[in-house]
Every structure is written in C-alpha cells, then in structure tokens.
Amino acid sequence: MTLQKKQMQGEELAEDEIKKAHDIAEKVGQFDEIKALMDHEKKVNDLLQQLNQVITQPIQELYRN
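Residues numbered from 1 in each chain as written. Predicted model: local features only at pLDDT ≥ 70, side-chain atom pairs only at ≥ 80, totals over all residues. Heavy atoms only, no water.

Colleague: Would you take a moment to explain the overall build of the protein for this structure?
Modeller: Along the backbone of the protein there are three helices and zero strands. Reading the helices (α) and strands (β) of the protein from amino to carboxyl end gives α-α-α. Seen through its principal axes, the protein has C-alpha atoms that stretch 50 × 30 × 15 Å. Total accessible area on the protein is roughly 6,400 Å²; 57% of this is exposed by carbon and sulfur atoms. The average position of the 9 basic charges and that of the 13 acidic charges among the side chains of the protein differ by 1 Å. (Helix = DSSP H or I, 4+ residues; strand = E, 2+ residues; numbered from the N terminus. Areas by Shrake-Rupley, 256 points an atom, 1.4 Å probe, with all protein chains shown as cover. Lys, Arg positive; Asp, Glu negative; His and termini not counted. Charge placed at Lys NZ, Arg CZ, Asp CG, Glu CD.)

Colleague: What is the right way to look at the pattern of salt bridges in this model?
Modeller: Between side chains of opposite charge, a pair can form when the charged atoms approach closely. Evaluated as defined, the whole model comprises four salt bridges. A salt bridge links Asp-23 to Lys-19, with the nearest nitrogen and oxygen atoms 3.2 Å apart. On the criterion of helical spacing, the pair formed by Asp-23 and Lys-19 is a turn pair, its members being four residues apart in helix H2 (residues 15-28). Using a relative accessible area of 52% as the deciding quantity, one classes Lys-19 as exposed. The partner of Asp-46 in a salt bridge is Lys-42, with the nearest N and O atoms 3.0 Å apart. Taken together, the residues Asp-46 and Lys-42, both in helix H3 (residues 32-64) and four residues apart, mark about one turn of the helix. (Salt bridge = Lys/Arg side-chain N within 4 Å of Asp/Glu carboxyl O. Buried < 20%, exposed > 50% of the residue type's maximum accessible area, 1.4 Å probe, protein only.)

Colleague: Teacher, can you tell me more about a nonpolar patch on the surface here?
Modeller: A surface patch of nonpolar side chains, amounting to about 370 Å² of accessible area, comprises Val-44, Leu-48, Leu-51 and Ile-55. Examined against the element boundaries, Ile-55 turns out to sit in helix H3. (Patch = residues over 30% accessible without salt bridge, like charges linked within 9 Å, V, L, I, M, F, W, Y side chains within 5 Å.)

Colleague: In this structure, what is going on with H3? I would like to understand it.
Modeller: The periodicity of an α-helix, 3.6 residues per turn, causes residues three or four positions apart to be oriented the same way. Compared with an ideal rise of 1.5 Å per residue, which puts 33 residues at 48 Å, H3 spans 47 Å between its outermost C-alpha atoms and is within 8% of the ideal. Considering bend angle alone, the principal kink of H3 is centred on Thr-56 and spans about 35 degrees; proline Pro-58 follows within four residues of it. (Expected span 1.5 Å × (residues − 1). Bend = angle between axes of the 7 residues up to and from the residue.)

Colleague: Explanation requested: the side chain of Glu-17 in the structure shown.
Modeller: With respect to the helices and strands, the residue Glu-17 is situated in helix H2. Overall, Glu-17 belongs to the buried group, its relative accessible area being 19%. Not counting residues within four places of it along the chain, the set of residues in contact with Glu-17 comprises Leu-3 and Lys-6. (Contact = heavy atoms within 4.5 Å.)

Have a look at this one:
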C-alpha cells in the first residue's frame, strides 16, 4: 500500500522498493487462483472499456459536428 500511495502522489520509487514489489508480484502470480482472478479482472476491465467507448462515441460525434 505504501508503494501505491507513493505512485499516486507522484513520488519516485527507490530501486529496492521496485525490486521488492516485483518479487512479491512474482510470488503471488504462482497461485492459480490469483492468476484466474487477475485474468477475470482484466476481462471485466476490457468489457468496461468497450462499454465506455460505445457510450461516449455518439456524444463525441455530436461535439465534432
């Protein structure tokens, strides 16, 4: 959470913090359940992006004309 907070505040991360985050992500990625969860989250995010595009495209076209 500390790393995420720093990133959100625009602070630069130290090299050891980046390495630690990568190590943790690698360990977490070894669990099939977490891989499946992350895959499902990506699919939901992709779907939401497509939905957002479908909703906003007509509005953008109105402003262009």
